[in-house]
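# Residue-level structure breakdown
Single-letter residue listing:
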Amino acid sequence: MRSIDLESLNSATKYPSILTFHERAPKGGVLLDTATPFEGDVVLTEKVDGTNSRIIVFPDGSYIIGSREELLYARGDLIANPKEEAIAALRPVADGLAAPDSGVRVLYLEVYGGKIGSNARQYTGQGRVGFRMFDAATIPEDILNRTPAEVSAWRERGGQAFWPEKQLRGLSAWEGIELTPRLGLIPAAEVPTGIEEMRDFLISRLPETQVALDADGGRRPEGIVLRTQDRTVIAKARLADYERTLRHYARL
């Protein structure tokens, strides 16, 4: 791990942005009628509002914990930033992870609650912090020998190999790390494509969060992530986006 270019590693393991299920207008933040097309069965999972984090595990058992943008802590470091709640939450998990046989394994987790984000009080009224895994990827070792610019281009072309749903569930069970809640598996034809219909779908499928950390949180959910079982298509639907969009159109 010590010989790896950290800039290339950071770029290769960054989590990509997930597009909204309905296209967002360039200005104003409202949603448009254009919806993401899905085929086959669609996995519905709760979208947890926290800080996007990653644990990067190497074949020798060493690891690095990072936020979405930065690498924060490596196994064996004497000093960790006490203000980074993700490090404190994920270090015990990272210490017990199995090493991959080859390549670099990346676990993507949402750390939430505490003082993390504007919706922390929806999950806890007692300042508790939790985490859920929502994705995983395998990065070939040879990619890390490329320049940061080459790695960035590789990532932008979709080079990261994310795990399909079945393998992700297996990893969750093997490592004992809970996934973001699975809300159902439905045919693509049952996914609503209208703005109001999707708002109603979100409320009916997820009336309150399933990851509350205590009984004192507000329990309002953020939304749902939709993905195919092989993860070739993935999109997010946030309840607040649909409510804001419907208010906007009601004023016209």
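Conventions and cut-offs
Residues numbered from 1 in each chain as written. Predicted model: local features only at pLDDT ≥ 70, side-chain atom pairs only at ≥ 80, totals over all residues. Heavy atoms only, no water. Core = buried A, V, L, I, M, F, W, Y, C linked by side-chain atoms within 4.5 Å. Buried < 20%, exposed > 50% of the residue type's maximum accessible area, 1.4 Å probe, protein only. Helix = DSSP H or I, 4+ residues; strand = E, 2+ residues; numbered from the N terminus. Contact = heavy atoms within 4.5 Å. Phe/Tyr/Trp six-rings, centres within 6.5 Å; stacked < 30°, edge-to-face > 60°. Arc of directions from axis to C-beta. Pairing = 2+ DSSP bridges. Axes fitted to C-alpha atoms, helices over the stretch in contact; angles between N-to-C directions. Parallel < 35°, antiparallel > 145°, perpendicular 65-115°, else oblique. Left-handed = near helix turned anticlockwise from the far one by under 90°. Nonpolar A, V, L, I, M, F, W, Y, C, P; charged D, E, K, R; others polar.

One finds Ile55, Ile65, Leu97, Leu107, Leu109, Met133 and Ile177 to be the most contacted residues of the largest nonpolar core, which totals 23 residues. It is helix H2 (residues 85–95) that provides the largest number of residues to this core, a total of 6 residues. Setting aside residues no more than four positions away along its own chain, leucine 107 makes contact with Ser53, Arg54, Ile55, Leu97, Met133, Asp135, Leu171 and Ile177. Within the second largest apolar cluster, 21 residues are counted, among which are Phe58, Val104, Val151 and Val225.

Here we come to the packing of aromatic side chains. For the structure shown, the criterion picks out 8 aromatic pairs. An angle of 85° between the planes, with centres 5.6 Å apart, marks the rings of tyrosine 15 and phenylalanine 162 as edge-to-face. A residue pair is termed long-range when its members are at least 10 positions apart, and tyrosine 15 in the loop between helix H1 (6–13) and strand E1 (22–24) and phenylalanine 162 in strand E9 (residues 161–162) qualify at 147 residues. With respect to class, tyrosine 15 is no different from phenylalanine 162; both count as buried. Consider the rings of tyrosine 108 and phenylalanine 162, whose centres lie 5.9 Å apart with planes at 40°: the pair is tilted. Pair noted here: tyrosine 108 is in strand E7 (residues 104–113) and phenylalanine 162 is in strand E9, with a separation of 54 residues, a long-range link.

Here we take up the environment of glutamine 122. By secondary structure assignment, the location of glutamine 122 is in helix H3 (residues 120–123). In this structure glutamine 122 comes out as partly exposed when scored by relative accessible area, which is 21%. C-alpha separation for the pair glutamine 122 and asparagine 10, spaced 112 residues apart in sequence, amounts to 31 Å.

Turning to helix H6 (residues 195–205), a few remarks are in order. For H6, the complete set of buried residues consists of Ile195, Met198, Arg199, Phe201 and Leu202. When H6 is viewed along its axis, its buried side chains cluster within an angular range of 160° and face the same direction.

The next point concerns the pairing of strand E4 (residues 51–57). For E4, the buried fraction is high: 6 of the 7 residues fall into the buried class. Pairing between E4 and E7: 7 bridges, direction antiparallel. Among the inter-strand pairings, asparagine 52 is bridged to a residue of E7, identified as glutamate 110. Of the strand pairs in this sheet, E4 and strand E5 (residues 63–67) are connected by 5 bridges, and their pairing is antiparallel. Opposite isoleucine 56, over in E5, you have isoleucine 64 as the bridge partner.

Here we take up the packing of H6 against helix H7 (residues 239–251). Packing of H6 against H7 brings their axes to within 9 Å, and their N-to-C directions diverge by 140°. By the angle class used here, H6 and H7 are oblique. Two packed elements cross with a definite hand, and for H6 against H7 that hand is left-handed. Where H6 approaches H7, its residues Ile195, Glu196, Met198, Arg199, Leu202 and Ile203 are matched on the opposing element by Leu239, Tyr242, Glu243, Thr245 and Leu246. Considered class by class, the residues forming the contact of H6 with H7 number 7 nonpolar, 1 polar and 3 charged.

Glancing now at the sheet that holds E5. Within the open sheet, the 6 strands sit side by side as E6-E5-E4-E7-E8-E9. Their pairing is antiparallel. The open sheet terminates on both sides in strands that have one partner only, identified here as strand E6 (71–74) and E9. Examined bridge by bridge, strand E8 (residues 129–139) and E9 share 2 bridges and lie antiparallel to one another. From the neighbouring strand, alanine 137 faces E9, where its bridge partner is phenylalanine 162. Running at roughly 150° to E5, H2 makes contact with E4, E5, E6, E7 and E8 of the sheet. Each of E7 and E8 is contacted by helix H5 (residues 165–175), which is oriented at about 125° to E8, the strand it contacts most.

From the geometry alone we can't say anything about function, so treat these as descriptive.
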